[in-house]
Structure formats: C-alpha cells, structure tokens
Amino acid sequence: MTPKDIAFANRLADAAGEVIRPKFRGDWDAETKADNTAVTEADRGAEAVMRKMIEEERPEDGIIGEEYGTTNESAGRQWVLDPIDGTQSFVAGRPIFGTLIALMQDGWPVLGIIDQPILRERWVGRVGEGTTLNGEPVRARPCAAVEGMSLATTSPHCFDADQSDAWLNLVVNAYPKRPFPIYGGDCYNYAMLASGNIDCVMEAGLKIHDYAALVPVVEGAGGVMSDWQGNPLDADSDGTVIALGDPARIEDVLAAMGSSELPAHVREASQPQTTILPSSGGFKFPLPGED
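Residues numbered from 1 in each chain as written. Predicted model: local features only at pLDDT ≥ 70, side-chain atom pairs only at ≥ 80, totals over all residues. Heavy atoms only, no water.

Enquirer: Got a minute to help me understand the sheet that holds strand β9 (residues 131-133) in this structure?
Expert: In sheet architecture, strand pairing relies on hydrogen bonds along the backbone and comes in two forms, parallel and antiparallel. An order of β4-β3-β5-β6-β7-β8-β9-β10 is seen for the eight strands of this open sheet, with the pairing classed as mixed. Bordering the open sheet on either side are β4 (69-71) and β10 (136-138), each of which pairs with just one other strand. The sheet shows a mean angle of 20° between the axes of neighbouring strands, taken without regard to direction. Note that strand β7 (residues 108-116) and strand β8 (residues 121-126) share six bridges and pair antiparallel. Along β8, the bridge assignment pairs Leu-111 with Arg-126. (Pairing = 2+ DSSP bridges. Helix = DSSP H or I, 4+ residues; strand = E, 2+ residues; numbered from the N terminus. Axes fitted to C-alpha atoms, helices over the stretch in contact; angles between N-to-C directions.)

Have a look at this one:
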C-alpha cells in the first residue's frame, strides 16, 4: 500500500458520494434482492462509477463488489466495495449509512474507508498507521470492564438462535439493570467506535464487503476486530464480527458471550476481570421503575 493507493481510495469515495447525495431523500427505484435486502439506483450507480475507475486506472487489481460481484479474482490486490452499507437507513432517509472501500493484500485488509456522504464524514484507516476523521486523528476509548460498556448491533434479527443467546448474554453482562444497547447503524457504529463513542459492536452474517473496510479503521484507532472465537478477520472469516475499542476486553467479552470453543491464545490468557453473570436463559429484563 502506497500514498497513491490512499489518494485513489479517497477519489473512489468522492465519486460514490457524488452519485449518492442527489438521490438521498429523493426519487429513485428500488427492488428486493434474492437475500431479501433492498438495493437502489444509488447502490448500483455508486458501485458502477467506482468499478469503472478501478478498471481504468488499476487494471491489474481485482474487485469484490456487493452489487456486481468479483472480477480478476486471482489478483493479490483486491478492492472491496460496498457502495451503501445500510441501504435500509438510506431508504428511510437516515444519514447513518456509509460507503465502504477496502484494499486487501493477499486476503488481508490493509486500507479501509468509511464515508458518510451526507454528513461528509470520512474515516480512513491504514495498517501500521492511525485512523483519521476528515484528516484529524481519532482514537477508540479504554473500557474498564464489560459491565457498563456500550453495545451496538444493527439488528438482533440478524442472529440465529444460538447467536441470539450469545448477544443476550453479552447484553445482560453489560447492562445488568437496564438493557439499553444501540440498535441500527450498520457501518456507522464502527466509525463511532473508532471515534471513541461506542465500546463494542457485535454482528453476524456479514460478508467480506461488509467488514473488510472496517478492520483498518477500527484497528488504526487502537481497537480490535475479530470473529466470535477471537480470530483476526480476513477474506475467509465466517461472518461473525466483534469490534472492541479496548483490546484488553476481548477475553472478557468472549467469556460474557458464553463462547465454548475459544482458541488457545484466548484460553491461556489471564482470567477475565469482569464478573460474568448467569446465562440469559430465563432472564427477565426489568420493567421501568424496577431496580
């Protein structure tokens, strides 16, 4: 990765934003894809303009795009594009979606951009360097324990039954009195984590275009991203994702989720500093006014 790659990635984000902004809260056609997610003219137009730029200026590189698939699959360098991560928010007129652009080298994310084109906020993360928001450095915040940390996920309906148990276990431990996790947000949650506003994001069912750009942004801000077994994310990851602003809490979070198949580097780590509450089975969230 070179300074020219970073400049090119920023130009890709600029071009996508020019397509997206005129259509926000405007008139456009939409349809439902085979996986029951929405796609709009803005999604397709933004990816098309980015793909054209890559094909013309970086013909040796590959492309992995949400809307138009993969080209030059064997290339060591792959540009990973999600033109609108959070299409439902875009459709609803909520400016918490984002354009995701990643550069992967041999299957590992080395450069990532989260661009919110309406608010004109852009996070850029690079391996070995810090993350910036509109050119200014940002840092994730430290977190003393699972209890009291702020949790976010796009939707609990994206989890299967076992995954829902793990999510609720974590919620119970983070919010033992009042369950107030943050719902909605897609990639914007990870941007907020990198800026020190959220402590932990937990997701499942993600594809490479959903998470590749997030890894350099979060880790460049001092955070960590892994799958639900604590393994680093790459092109072959299983789609489960944990993002933490404080890497010291990864063992605590995995224990609070009830992970039973932890890798050796997690099993052999020091004991969690958090007191783990019982499983969510049978747990009843307190009603307003209850202690």
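Enquirer: I keep staring at the pattern of salt bridges and nothing clicks. Help me out?
Expert: For the structure on display, the rule yields 13 salt bridges. Residues Arg-77 and Asp-5 are paired through a salt bridge, measuring 3.0 Å at the closest nitrogen-oxygen approach. With Arg-77 in strand β5 (residues 77-85) and Asp-5 in helix α1 (residues 3-20), this pair connects stretches of sequence that are 72 residues apart. Like Arg-77, the residue Asp-5 is buried in the burial classification. Across the pair Arg-141 and Asp-199 runs a salt bridge, and its minimum N-O distance is 2.7 Å. (Salt bridge = Lys/Arg side-chain N within 4 Å of Asp/Glu carboxyl O. Buried < 20%, exposed > 50% of the residue type's maximum accessible area, 1.4 Å probe, protein only.)

Enquirer: For this particular structure, what's the right way to read helix α5 (residues 187-194)?
Expert: Each α-helix turn comprises 3.6 residues. Residues three or four places apart therefore point the same way. Counting buried positions along α5 gives eight out of eight residues, so the element sits mostly inside the fold. Turning to α5, its buried residues are Cys-187, Tyr-188, Asn-189, Tyr-190, Ala-191, Met-192, Leu-193 and Ala-194.

Enquirer: Teacher, can you tell me more about the sheet that holds strand β12 (residues 182-183) here?
Expert: Taken in spatial order, the five strands make up an open sheet running β12-β11-β13-β15-β14, and their pairing is mixed. Both outer strands of the open sheet, β12 and β14 (224-226), are each paired with one neighbouring strand and no more. As paired strands, strand β11 (residues 151-153) and strand β13 (residues 200-203) are joined by two bridges and run parallel to one another. In the sheet register, Ala-152 faces β13, and the bridge partner there is Val-201. Here α5 sits on the sheet in contact with β11, β12, β13, β14 and β15 (241-244), set at roughly 155° to β13. Against the sheet, helix α8 (residues 250-257) makes contact with β13, β14 and β15, and its axis sits at roughly 135° relative to β15, the strand it touches most. (Contact = heavy atoms within 4.5 Å.)

Enquirer: I'm lost on the packing of aromatic side chains in this one. Help?
Expert: Two measures describe an aromatic ring pair: the distance that separates the ring centres and the angle between the ring planes. According to the stated counting rule, one finds eight aromatic pairs in the structure shown. Residues Phe-24 and Phe-97 carry aromatic rings whose centres are separated by 5.7 Å and whose planes lie at 50° to one another, so their mutual orientation is tilted. Residue Phe-24 is located in the loop between α1 and β1 (30-32), and its partner Phe-97 is located in the loop between α3 (87-91) and β6 (98-105); the two are separated by 73 residues in the primary sequence. The exposure classification of Phe-24 matches that of Phe-97, with both residues buried. One aromatic cluster is present, formed by Phe-159, Trp-167, Tyr-183 and Trp-228 through successive ring pairs. The aromatic ring of Phe-8 is capped on one face by Arg-58, whose charged end is 4.6 Å from the ring centroid. (Phe/Tyr/Trp six-rings, centres within 6.5 Å; stacked < 30°, edge-to-face > 60°. Lys NZ or Arg CZ within 6 Å of the ring centre and 35° of its normal.)

Enquirer: Can you walk me through the pairing of β5 in this structure?
Expert: Every regular strand shows the same layout, with side chains that alternate between the two sheet faces. Where burial is concerned, most of β5 is hidden: nine out of the nine residues are buried. In this structure, strand β3 (residues 62-65) lies alongside β5, joined through four bridges in parallel fashion. Of the residues in β5, the one forming a bridge with Gly-65 is Leu-81. Alignment of β5 against β6, held across seven bridges, turns out to be antiparallel. What sits directly across from Asp-85, in β6, is Gly-98.

Enquirer: Which parts of the structure should I look at to understand the environment of Met-257?
Expert: Tracing the backbone through its elements, the reader meets Met-257 in helix α8. A residue is classified by how much of its surface remains accessible, and Met-257, at 3% relative accessible area, is buried. Contacts of Met-257, omitting those with residues within four sequence positions, involve Ala-166, Asn-169, Leu-170, Met-202, Trp-228 and Ile-242.

Enquirer: Would you mind showing me how to read the confidence of the model for the protein chain here?
Expert: The predicted coordinates of low-pLDDT regions are not to be read in fine detail. A residue-level look at the protein chain finds 86% of positions with pLDDT of 70 or above and a mean pLDDT of 88. Overall, residues 260-288 carries pLDDT values under 50, and its contacts beyond four positions in sequence, including any with other chains, amount to 45 contacts. (pLDDT = per-residue confidence, 0-100.)

Enquirer: Looking at this structure, how should I read the side chain of Glu-121?
Expert: Locating Glu-121 in the fold gives a position in strand β8. There is a polar contact of 2.6 Å between the side chain of Glu-121 and the side chain of Tyr-188. Once you skip the residues sitting within four places of it in the chain, Glu-121 turns out to touch Ile-114, Asp-115, Gln-116, Leu-133, Asn-134 and Tyr-188. (Polar contact = N/O pair within 3.5 Å; in protein donor to acceptor, adjacent residues only side chain to side chain.)

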